[in-house]
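Residue-level structural notes
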Amino acid sequence: MNSIKKSLILLAAATAFSCSDKQESSSNNVDTKAIEKIQTFYTNYIFGNEFANDSVIAKYCTKSLAQKLRDDYDSEFSDGGGYAVWKFRSKAQDGKDIREIEKIEPLGNGKYLIHYNDMGNKGMHTITIVQQNGEIFFDKLD
């Protein structure tokens, strides 16, 4: 009887350890995917030369963030038809030819702090992500 209790206790401990290990691994996997997605978006569309059109915004942003970026663009330009992707940058108009992500920090709860150098101007933004159908999307930009 005593050895059965010990076996059950060991089994319970192993299961608990295994479950917590899987949750941590899953969380790290989401962080890795989110950081890669943020890095790619900034490299190609914010600091790069690629245009953030409707399909790009749909790939990276939730519908609510896309709508906010569209509304902000429309209030800035009377012709409309674009997205205020400058919201992901500093307010610098000119400076050195340096545009790069310096660090992306996972803050927990789907929030990531992006440290960047935008034409020699250090900046930070927090992006909140959500998962929809296994895909990661930017939901908020602070």
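Below or above, wherever it landed, is the structure these notes cover. (Residues numbered from 1 in each chain as written. Predicted model: local features only at pLDDT ≥ 70, side-chain atom pairs only at ≥ 80, totals over all residues. Heavy atoms only, no water.)

Here's the deal with unusual backbone geometry
Only a minority of non-glycine residues have a phi that is not negative, and only a minority of peptide bonds are not trans. Of note in the backbone geometry, methionine 119 takes a positive phi value of approximately 60 degrees without being a glycine. Looking at methionine 119, the relative accessible area reads 13%, which means it is buried. Backbone geometry at asparagine 133 places phi at a positive 55 degrees, although glycine is not the residue there. For asparagine 133, the position within the fold is in the loop between strand E3 (121-132) and strand E4 (135-141). Judged by its relative accessible area of 81%, asparagine 133 is exposed. (Buried < 20%, exposed > 50% of the residue type's maximum accessible area, 1.4 Å probe, protein only. Helix = DSSP H or I, 4+ residues; strand = E, 2+ residues; numbered from the N terminus.)

A few points about the sheet that holds E3
The strand order E1-E2-E3-E4 describes an open sheet built from four strands, whose pairing is antiparallel. The sheet terminates laterally at strand E1 (99-108) and E4, the two strands that pair on one side only. Direction aside, neighbouring strands of the sheet carry axes that sit 35 degrees apart on average. As defined by bridge partners, E1 adjoins strand E2 (residues 111-118) across eight bridges and the pair is classed as antiparallel. Considered in E2, the bridge of lysine 103 is made with histidine 115. (Pairing = 2+ DSSP bridges. Axes fitted to C-alpha atoms, helices over the stretch in contact; angles between N-to-C directions.)

Focus: the side chain of lysine 37
For lysine 37, the position within the fold is in helix H1 (residues 2-46). Here lysine 37 sits buried without a salt bridge, and the closest side chain of opposite charge, glutamate 135, lies 4.4 Å off (N-O distance). One polar contact links the side chain of lysine 37 to the main-chain carbonyl oxygen of lysine 59, over a distance of 2.9 Å. When sequence neighbours within four positions are dropped, the list of residues in contact with lysine 37 reads Lys59, Tyr60, Glu135, Ile136 and Phe138. (Lys, Arg positive; Asp, Glu negative; His and termini not counted. Salt bridge = Lys/Arg side-chain N within 4 Å of Asp/Glu carboxyl O. Polar contact = N/O pair within 3.5 Å; in protein donor to acceptor, adjacent residues only side chain to side chain. Contact = heavy atoms within 4.5 Å.)

Looking at the packing of aromatic side chains
All told, the structure shown has 14 aromatic pairs when counted by the stated rule. For the pair tyrosine 45 and tyrosine 60, a centre-to-centre distance of 5.8 Å together with 65 degrees between the ring planes defines the contact as edge-to-face. With tyrosine 45 in helix H1 and tyrosine 60 in helix H2 (residues 54-60), this pair connects stretches of sequence that are 15 residues apart. The burial state of tyrosine 45 is the same as that of tyrosine 60; both residues are buried. Linked through ring pairs, Phe41, Tyr42, Tyr45, Phe47, Tyr60, Phe88, Tyr116 and Phe138 together constitute an aromatic cluster. Geometry around tyrosine 60 places lysine 37 over its ring, the cationic atom sitting 5.4 Å from the centre. (Phe/Tyr/Trp six-rings, centres within 6.5 Å; stacked < 30°, edge-to-face > 60°. Lys NZ or Arg CZ within 6 Å of the ring centre and 35° of its normal.)

Re the pattern of salt bridges
What the rule picks out here adds up to four salt bridges. We note a salt bridge from lysine 87 to aspartate 72, for which the minimum N-O separation is 3.8 Å. Residue lysine 87 is found in the loop between helix H3 (63-76) and E1, and its partner aspartate 72 is found in helix H3; the two are separated by 15 residues along the sequence. Judged by its relative accessible area of 18%, aspartate 72 is buried. Of the charged contacts in the structure, one is a salt bridge between aspartate 118 and arginine 89, with a shortest N-O distance of 2.5 Å.

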